[in-house]
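For reference, the chains in residue letters:
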Amino acid sequence: MAKRIWLDGKLVDSQLASVNVFDHGVLYGDGVFEGLRQYAGRVFKLEEHLRRLFDSAKSIRLPIPYTRGELAHAIQQTTDANNLTDSYIRLIITRGVGALGISPLNCAKPTVVIIADLIKMYSEETYRTGMAIITASTIRTSPAALSPKIKSLNYLNNIMAKWEAIDAGVSEAVMLNQLGYVCECTADNIFIVRDGVLFTPPEESGILLGITRGTVIELGSKNDIQVRQVNLTRHDLYTADECFLTGTGAEIVPVTSIDRRAIGNGYVGPVTQSLTEAFHQEVRSASVSPLPAAV
Ligand code: PMP
């Protein structure tokens, strides 16, 4: 477990790092967060993660009390304090401590937490042989209600779908949108391969724009794999040759069965394998662009 947590500007012993029960992050899930990964001592796509964090915060009118450069420095301090070079980093910004009642005006200043720790989302075997998933009946929050582009502390929509996966004895569930098109899984984006072409639901389907999703799209193009961001139905999933999920925590995890239909021949396919290899190379070789402290 992480030894030191970054909490409002200070590194605190993890046993003592606590959030006030009147924090609106606790009372109402009012806040935003990011999940990042550090490979070989460098945070992968740090700028993209900070950009999404600041966009999420702006959308919910949450002023982040640090610059991007200061947060980048704080992340570094946290991984250093825990002697980590390969870790998962959770950066959380809540509305802060306030009175009961949902008004954000009750809260004096946002609470900022950074946790760096080791993470293992799935077993080696799952990465080697793939996993089974189902389609959930819980649909993804409509962008008309709350944009799924906001990485907010409200994950109940996804958690309800996760319950369906648990009840079905599988690890993940595909969530559809209000029109019945495929969106994403409960904490990962989804891709399929058909006849050598890579398909993934488009931005407008109502997804979180995953940073791993973006990386895979780039890698596909670089490796001469045609990539199409189009609406997909469950039929498209069932009849795909290959399927995989992407996320910062999960990285690229193969899916070999959906709603009890074997995907392709039921084994992890060649496009998934080559993209996974390319991804592992990319995360270790990606060049770092230092953030100016004043950004
Ligand atoms: N969709 C949802 C709902 C998520 O929570 C996440 C992050 N775990 C993703 C997709 C993947 O995004 P990223 O690749 O940026 O981690």
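Preceding block: the structure.
In this text the structure is predicted, and so the values were computed from the model without any measurement.

Parameters at a glance
- Residues numbered from 1 in each chain as written.
- Predicted model: local features only at pLDDT ≥ 70, side-chain atom pairs only at ≥ 80, totals over all residues.
- Heavy atoms only, no water.
- Core = buried A, V, L, I, M, F, W, Y, C linked by side-chain atoms within 4.5 Å.
- Buried < 20%, exposed > 50% of the residue type's maximum accessible area, 1.4 Å probe, protein only.
- Helix = DSSP H or I, 4+ residues; strand = E, 2+ residues; numbered from the N terminus.
- Contact = heavy atoms within 4.5 Å.
- 1 Å grid on protein atoms, 1.4 Å probe; cavity = no way out; pocket = protein on both sides within 12 Å on 5 of 7 lines; lining within 4 Å.
- Points joined across faces, edges and corners; volume = space filled by probe spheres on them.
- Phe/Tyr/Trp six-rings, centres within 6.5 Å; stacked < 30°, edge-to-face > 60°.
- Pairing = 2+ DSSP bridges.
- Axes fitted to C-alpha atoms, helices over the stretch in contact; angles between N-to-C directions.

Trainee: What am I meant to see in the nonpolar core here?
Mentor: Inside soluble globular proteins, nonpolar side chains tend to come together where they are buried. The biggest cluster of nonpolar side chains holds 23 residues, and the ones touching the most others in it are Val32, Leu53, Ile75 and Leu91. If you list the elements that add at least two residues to this core, you get strand E3 (31-39), helix H2 (46-59), helix H3 (68-81), strand E5 (87-94) and strand E6 (111-117). With sequence-adjacent residues up to four places away left out, leucine 53 is seen in contact with Val32, Phe33, Glu34, Ile64, Leu71, Leu91 and Ile93. With 22 residues, the next largest nonpolar core counts Tyr122, Cys185, Leu237 and Ile258 among its residues.

Trainee: What is the right way to look at empty space enclosed by the protein in this model?
Mentor: To locate leftover empty space, one rolls a probe as large as a water molecule over the atoms. All told, the structure shown has 2 cavities of 30 Å³ or more when counted by the stated rule. Of the pockets and cavities examined, the largest cavity occupies roughly 70 Å³. Forming the walls of the largest cavity are Arg37, Tyr39, Phe44, His49, Ile211, Thr212, Gly247, Thr248, Glu251 and Phe279. Among the secondary structure elements, those contributing two or more residues to the lining of the largest cavity are E3 and helix H6 (211-222). For the second largest cavity, the calculated volume is near 40 Å³.

Trainee: How should the packing of aromatic side chains be read in this particular structure?
Mentor: Note on aromatic pairs: each is described by the distance of the centres and the angle between the planes. A complete count under the given rule lists 6 aromatic pairs for this structure. Note on tyrosine 39 and phenylalanine 44: the rings are 6.1 Å apart at their centroids and 85° apart in plane angle, and the pair reads as edge-to-face. Considered together, tyrosine 39 and phenylalanine 44 belong to a single accessibility category, that of buried residues. For the ring pair tyrosine 122 and tyrosine 127, a centre distance of 6.1 Å and an interplane angle of 75° mean the geometry is edge-to-face.

Trainee: What is the right way to look at the sheet that holds strand E2 (residues 10-13) in this model?
Mentor: Strands sit in the order E2-E1-E6-E5-E3-E4 across an open sheet of 6 strands; the sheet is antiparallel. Edge strands, defined here as strands with exactly one partner in the open sheet, are E2 and strand E4 (42-43). Its contacts with the sheet place H3 against strand E1 (4-7), E2, E3, E4, E5 and E6, and it is angled at close to 40° to E6.

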